[in-house]
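What the coordinates show
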Amino acid sequence: MLDFFTIFSKGGLVLWCFQGVSDSCTGPVNALIRSVLLQERGGNNSFTHEALTLKYKLDNQFELVFVVGFQKILTLTYVDKLIDDVHRLFRDKYRTEIQQQSALSLLNGTFDFQNDFLRLLREAEESSKVRAPTTMKKFEDSEKAKKPVRSMIETRGEKPKEKAKNSKKNKGAKKEGSDGPLATSKAVPAEKSGLPVGPENGIELSKEELIRRKREEFIQKHGRGMEKSSKSSKSDAPKEKGKKAPRVWALGGSVNKEVLDYSAPTANGAPEGAPPEDINLIRGTGSGRQLQDLDCSSSDDEGAAQNSTKPSATKGTLGGMFGMLKGLVGSKSLSREDMESVLDKMRDHLIAKNVAADIAVQLCESVANKLEGKVMGTFSTVTSTVKLALQESLVQILQPQRRVDMLRDIMDAQRHQRPYVVTFCGVNGVGKSTNLAKISFWLLENGFSVLIAACDTFRAGAVEQLRTHTRRLRALHPPENHGGRAMVQLFEKGYGKDAAGIAMEAIAFARNQGFDVVLVDTAGRMQDNAPLMTALAKLITVNTPDLVLFVGEALVGNEAVDQLVKFNRALADHSMAQTPRLIDGIVLTKFDTIDDKVGAAISMTYITSKPIVFVGTGQTYCDLRSLNAKAVVAALMKA
């Protein structure tokens, strides 16, 4: 029932393989290596490739990988036990050959493991068959069937009677207690002192206590009322001081059209041009041609580093030596128990840095699988080893399989005499139009002509916003500097139109006019809105853009996972193509507002396995950065 079982080293040498079917296991195993092992996604020991389910186990001590594959439709309960048994037997049987740690010895070594594997497989299959299916318990076998019917009737009848009696007693006690205040006043001190209520216990004392209590209640009641009145008078005073003054209209309040008209003046029926804007404020500082790497450090970090170096100079050498030796473990192999407390702290630290909770758990589980059984050096602690492994995993996650190089792809599209099309999508209010304008400025600085397609026909003011950006970009790159050719232009058809049709017309217009890049702006939509997600999938399927960018905020935590998963799922479900187009890259916005809580970058990249192409860090056109994986991980691991 198994398709294959293979054992290979982490260096890529296949030590032994069992083939249950004629199909080769090379494709599924290579997919497992590319998508899971190389991408540091080992939190789950299961992987699905086409019609196969692959389960694997890592041996970090001997650098081995054990992989079993079977059909996805099958439910094999003995697979986990089989992997554990094969791992244990193979490691113990060929320990000396594996410990030589040389590729030549592994190649020349003979691993005759076929008979042992078949025996373990047979035992695992028989053990799964031995377990009889659990049968439903009959009524005759239950405890209820052993009780006589008479006892069941009596117990059922007694309970409501007792409840009724108790409720009657409680009602009578309430009525007696409400006859007068004297009875309650007598009962309270008697209960406190533990004596029965009666005249022989001193009625005079109870009256004095009653008077004292009434006096305390009166003082408390009137004292609170005075405090409330004083507080209300204090709170009302500033409201009166800060009260908004009513507007005084000119001409004694009479309605005058000329006075109340605050619209822009017109000349010959057309509005006059907007007042001149400061180009430096719009453009920002820095080079717009070359994208700078993201810098996550701050002045607080430098000050903290300087302060941390001062007390270290005053420490004695003896104390520093003992501090260094504290927590060291010898040459021993790591176990789950050793790493449990450290991984718990790491998981909480990642969640505090805005990493989604599920992804933080999977990351820590992946690190545990990577380090379990690994032999540590003499001068290394568990904390430093786990932290270093987590840093390596995070850097690997932020550098996914595909790297998006827009400038190279645009030049390739120029050679084929067609425009390069980029579609922006995302939820509402994340900054799609603003970052589209930043990317337009970056492309203009690199000498490419840009056509902006206004396909957000839903939000009021969306077309006007792009019109303003186009006017400002033209001011920064006037046609006079480019031989009279307009380097940026807006393609709009108004509101309420089909977005897919507008995008198609814009691409055709760009092809005829010789534009290099088409940037398609779409309407913001929530991931749960099925009609709008269907419209987005239609736009992408019909126009087949070269790049689909998801624009997301750096402020989100767990919501990033939900957004990306549902966007990809909606694009796959509502697409009419055989192989649907999904998200190709991510634009992370508002990165300047989160300080060192950069976990959203990890969450988004981990979910999609797609790169973060651009990072928005401000309001001007130059505030666009490329992701620096090591700087992000350093900010993420900072305490």
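Residues numbered from 1 in each chain as written. Predicted model: local features only at pLDDT ≥ 70, side-chain atom pairs only at ≥ 80, totals over all residues. Heavy atoms only, no water.

Glancing now at the overall build of the protein chain. From N to C terminus, the protein chain includes 24 helices and 16 strands. Taken over 639 residues, the protein chain has a buried fraction of 38%. When contacts within the protein chain are restricted to residue pairs at least 6 apart in sequence, long-range pairs at least 24 apart make up 74% of them. (Helix = DSSP H or I, 4+ residues; strand = E, 2+ residues; numbered from the N terminus. Buried < 20%, exposed > 50% of the residue type's maximum accessible area, 1.4 Å probe, protein only. Contact = heavy atoms within 4.5 Å.)

Across the sheet, which stays open at both edges, the 5 strands sit in the order β2-β1-β5-β4-β3 with antiparallel pairing between neighbours. Whereas interior strands pair on both sides, the edge strands pair on one side only; in this sheet they are β2 (14-19) and β3 (46-49). Sheet twist, expressed as the mean angle between neighbouring strand axes with direction ignored, is 20°. In terms of strand pairing, β3 meets strand β4 (residues 52-59) through 4 bridges, oriented antiparallel. Residue F47 lies in a different strand from β4, and its bridge partner there is L54. Sitting on the sheet, helix α2 (residues 79-93) touches β1 (4-9), β2, β4 and β5 (64-71), and the angle it makes with β4 is about 35°. (Pairing = 2+ DSSP bridges. Axes fitted to C-alpha atoms, helices over the stretch in contact; angles between N-to-C directions.)

All right, on to the environment of Q61 then. Positionally, Q61 belongs in the loop between β4 and β5. Note: C-alpha distance between Q61 and S333 (272 residues apart in sequence) is 7.6 Å. Once residues lying within four places of it in the same chain are set aside, the contact partners of Q61 are G373, K374 and V375.

All right, on to the environment of A486 then. One can find A486 in the loop between α19 (462-476) and β11 (488-491). Under the relative-accessibility criterion, A486 is labelled partly exposed at 27%. As for A486 and V450, which are separated by 36 residues in sequence, their C-alpha atoms are 9.1 Å apart. When residues no more than four places from it in sequence are discounted, the contact partners of A486 are P479 and F515.

Further remarks concern the pattern of salt bridges. Inspection of every chain in the model, using the stated rule, returns 24 salt bridges. Across the salt bridge formed by D412 and R415, the nearest N and O atoms sit 3.2 Å from each other. With D412 and R415 both in helix α17 (residues 406-415) and 3 residues apart, this pair spans about one turn of that helix. On the basis of relative accessible area, D412 is assigned to the partly exposed category, the value being 32%. For E505, the salt bridge goes to K493, with nearest N and O atoms at 3.7 Å. Linking E505 in helix α20 (residues 499-513) with K493 in the loop between β11 and α20, this pair joins segments that are 12 residues apart in sequence. Taking the relative accessible area as the measure of exposure, K493 reaches 41% and is therefore partly exposed. (Salt bridge = Lys/Arg side-chain N within 4 Å of Asp/Glu carboxyl O.)

Here the focus is the packing of aromatic side chains. The description of an aromatic ring pair uses the distance of the two centres, along with the angle that the planes make with each other. Inspection of every chain in the model, using the stated rule, returns 14 aromatic pairs. A centroid spacing of 5.2 Å and a plane angle of 90° characterise the contact between F90 and F113, whose relative ring orientation is edge-to-face. Taken together, the residues span a long stretch of sequence, with F90 in helix α2 and F113 in the loop between α4 (103-108) and α5 (114-130) at a distance of 23 residues. Looking at F113, the relative accessible area reads 0%, which means it is buried. A ring pair is formed by F491 and F509, whose centres lie 5.6 Å apart and whose planes are at 40°; its orientation type is tilted. Of this pair, F491 sits in strand β11 while F509 sits in helix α20, placing them 18 residues apart in sequence. We classify F491 as buried; its relative accessible area is 12%. Under the relative-accessibility criterion, F509 is labelled partly exposed at 24%. Members of the aromatic cluster, connected to one another through ring pairs, are F5, W16, F18, F66, F90, Y94, F113 and F117. One cation-aromatic arrangement involves R485 over F515; the distance from NZ or CZ to the ring centre is 5.9 Å. (Phe/Tyr/Trp six-rings, centres within 6.5 Å; stacked < 30°, edge-to-face > 60°. Lys NZ or Arg CZ within 6 Å of the ring centre and 35° of its normal.)

With that settled, the discussion passes to the side chain of K55. On the secondary structure map, K55 appears in strand β4. Setting aside anything within four residues of it in sequence, one finds K55 in contact with N45, S46, F66, V67, V68, F70, V79, D80 and I83.

Per the UniProt annotation, the sites labelled "domain: SRP54-type proteins GTP-binding" (unreviewed entry) are residues 611-624. For residues 611-624, the helix share is 0%, the strand share is 43%, and the end-to-end C-alpha distance is 16 Å. (UniProt positions renumbered as here; feature names shortened; annotations may be inferred.)

This part covers the packing of helix α18 (residues 432-445) against α19. Two numbers describe how α18 lies on α19: the axes approach to 10 Å, and their chain directions differ by 20°. Classed by the angle they form, the pair α18 and α19 counts as roughly parallel. In this structure, the crossing between α18 and α19 has a hand that is right-handed. In contact with S433, T434, L436, A437, S440, F441 and L444 of α18, α19 contributes Q465, L466, H469, L473 and L476. In the contact of α18 with α19, the residues fall into 7 nonpolar, 5 polar and no charged. (Parallel < 35°, antiparallel > 145°, perpendicular 65-115°, else oblique. Left-handed = near helix turned anticlockwise from the far one by under 90°. Nonpolar A, V, L, I, M, F, W, Y, C, P; charged D, E, K, R; others polar.)

Before going further, it helps to examine the sheet that holds strand β16 (residues 624-626). Strand pairing in a sheet takes place through backbone hydrogen bonds and is either antiparallel or parallel in direction. With mixed pairing, the 9 strands of this open sheet are ordered in space as β8-β16-β15-β14-β13-β9-β12-β10-β11. At either margin of the open sheet sits one strand with a lone partner, and together these are β8 (292-293) and β11. Both strand β14 (residues 585-589) and strand β15 (residues 612-616) contribute to a ladder of 3 bridges, which runs parallel. Residue pairing across strands places I586 opposite I612, the latter belonging to β15. Relative to β11, α19 is tilted by about 165°, and along the sheet it contacts β10 (450-454), β11 and β12 (517-521).

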